[in-house]
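Examining the three-dimensional arrangement
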Amino acid sequence: MTTRDFLTIIHDESARFRAALADAADNTVPTCPDWSTDDLLWHLTEVQWFWGTIVSQNVADPEGLDHPQRPEGRDAILVAFDDASHALQDTLRTTAPEDRRWMWATDEALHTAGYIRRRQAHEAIVHRVDAELTAGHEVSAIDPELAADGIDEVVDVMYGRDHPLVTFHPSDGSVLELVATDVDRRWILQLGRETASIDGEDIDDANFRPAPNATPVATISGTAADLDLWLWNRPTAGKLVGTGDQQTLDAINEVLAEGMQ
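Nothing here was measured: the structure is a model prediction, and the numbers come from that model.

**A short note on the pairing of strand 4 (residues 218–222)**
With respect to burial, strand 4 is a largely interior element, 5 of its 5 residues being buried. Judged by which residues are buried, strand 4 turns out to be covered on both faces: A218, I220 and G222 on one side and T219 and S221 on the other are all buried. Pairing between strand 1 (residues 167–180) and strand 4: 5 bridges, direction parallel. Following the sheet pairing, L176 is matched in strand 4 by A218.

Written out as structure tokens, the structure is:
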């Protein structure tokens, strides 16, 4: 995907998100059951405000940011969303994609305005899906190539990234292949567990790492959009087909069980 594509996607998906929620009843968000409709609206407002501020002010340490207070009522939150979304899009449009910016990822190559464009495009897509489900609307399609890029990001960054404080322990023989049936793309994942002790807290979580040269013992196949949504623990439009070693298929479900917001 080009940087111009991502700017257009942020614009279009943010508009769809807003339209779905503007007149929606204040329901529980089915994909994030701790949230109401207004919680979802405020979440993406805060996210877009945050990253717009990171880019426009070249913030080196976000811990010092003074976050906006959530306003009362749907109409006021919609105004705040419009302001945050327009500001994010304007600053990303006028900032060169290669310009360095703060990013939580450990990979220094991702510390750019260009990656923030990409990250915010996929953020808007996922929450647009949440918004349509919350409002009871039909879920709009995701372009297959864009969905494949979303899978790349989930596999390489959201789940599969290395971290200096975390040790990954691969599970012998537990290798899964994801197959996108509509774009001729495949991803091979080594499943295992990652452990760490951070600030006195012991961590022992199921996870995976990209393993392009490993031999899979199980496969999950479906459209790129359905694989992308499934990796985000969102409902799929069609059926995913799992074959091969059942323990490996169960292990990926453990990784995805908590989901991402």
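**Quick look at the nonpolar core**
L176, I220, W230 and I252 are the most contacted members of the largest nonpolar core, which has 72 residues in total. Excluding anything up to four places from it in sequence, I252 contacts L176, L189, L191, F208, I220 and W230.

**Regarding unusual backbone geometry**
In this structure, N58 is a non-glycine residue whose phi angle is positive, near 50 degrees. Considering the arrangement of structural elements, one finds N58 in the loop between helix 2 (37–57) and helix 3 (74–94). A positive phi is found at D184, a non-glycine position, where the angle reads about 55 degrees. Relative to the helices and strands, D184 is located in the loop between strand 1 and strand 2 (185–198).

**Description of the packing of aromatic side chains**
All told, the structure shown has 5 aromatic pairs when counted by the stated rule. Ring geometry for F17 and F81: centres 5.3 Å apart, planes at 45 degrees, overall tilted. With F17 in helix 1 (residues 3–22) and F81 in helix 3, this residue pair connects regions lying 64 residues apart in the sequence. Look at F17 and you get buried, because its relative accessible area is 0%.

**Some details on a negative patch on the surface**
Together, D199, E201, D202, D205 and E258 give the surface a local cluster of negative charge. Relative to the assigned elements, D205 resides in strand 3 (residues 201–210).

**With respect to the sheet that holds strand 4**
In spatial order, the strands read 3-2-1-4-5; together these 5 strands make up an open sheet with mixed pairing. Among the strands making up the open sheet, the edge pair consists of strand 3 and strand 5 (241–244). When strand polarity is set aside, the average angle formed by the axes of neighbouring strands in this sheet is 25 degrees. Against the sheet, helix 6 (residues 224–231) makes contact with strand 1 and strand 4, and its axis sits at roughly 150 degrees relative to strand 1, the strand it touches most.

**Description of the pattern of salt bridges**
Under the criterion given, the structure shown has 18 salt bridges. Across the pair R234 and D130 runs a salt bridge, and its minimum N-O distance is 2.7 Å. Taken together, the residues span a long stretch of sequence, with R234 in the loop between helix 6 and strand 5 and D130 in helix 4 (residues 113–135) at a distance of 104 residues. On the accessibility criterion, R234 (5% relative accessible area) is buried. A relative accessible area of 0% means that D130 is categorised as buried. With a shortest N-O distance of 2.9 Å, R209 and E194 are connected by a salt bridge. Of this pair, R209 sits in strand 3 while E194 sits in strand 2, and the two are 15 residues apart along the sequence. A network of salt bridges, in which partner residues are shared, links E13, R16, R128 and E132.

How each quantity is defined
Residues numbered from 1 in each chain as written. Predicted model: local features only at pLDDT ≥ 70, side-chain atom pairs only at ≥ 80, totals over all residues. Heavy atoms only, no water. Buried < 20%, exposed > 50% of the residue type's maximum accessible area, 1.4 Å probe, protein only. Helix = DSSP H or I, 4+ residues; strand = E, 2+ residues; numbered from the N terminus. Pairing = 2+ DSSP bridges. Core = buried A, V, L, I, M, F, W, Y, C linked by side-chain atoms within 4.5 Å. Contact = heavy atoms within 4.5 Å. Phe/Tyr/Trp six-rings, centres within 6.5 Å; stacked < 30°, edge-to-face > 60°. Patch = residues over 30% accessible without salt bridge, like charges linked within 9 Å, V, L, I, M, F, W, Y side chains within 5 Å. Areas by Shrake-Rupley, 256 points an atom, 1.4 Å probe, with all protein chains shown as cover. Salt bridge = Lys/Arg side-chain N within 4 Å of Asp/Glu carboxyl O. Lys, Arg positive; Asp, Glu negative; His and termini not counted. Charge placed at Lys NZ, Arg CZ, Asp CG, Glu CD. Axes fitted to C-alpha atoms, helices over the stretch in contact; angles between N-to-C directions.

Just geometry here; none of it tells us what the structure is for.
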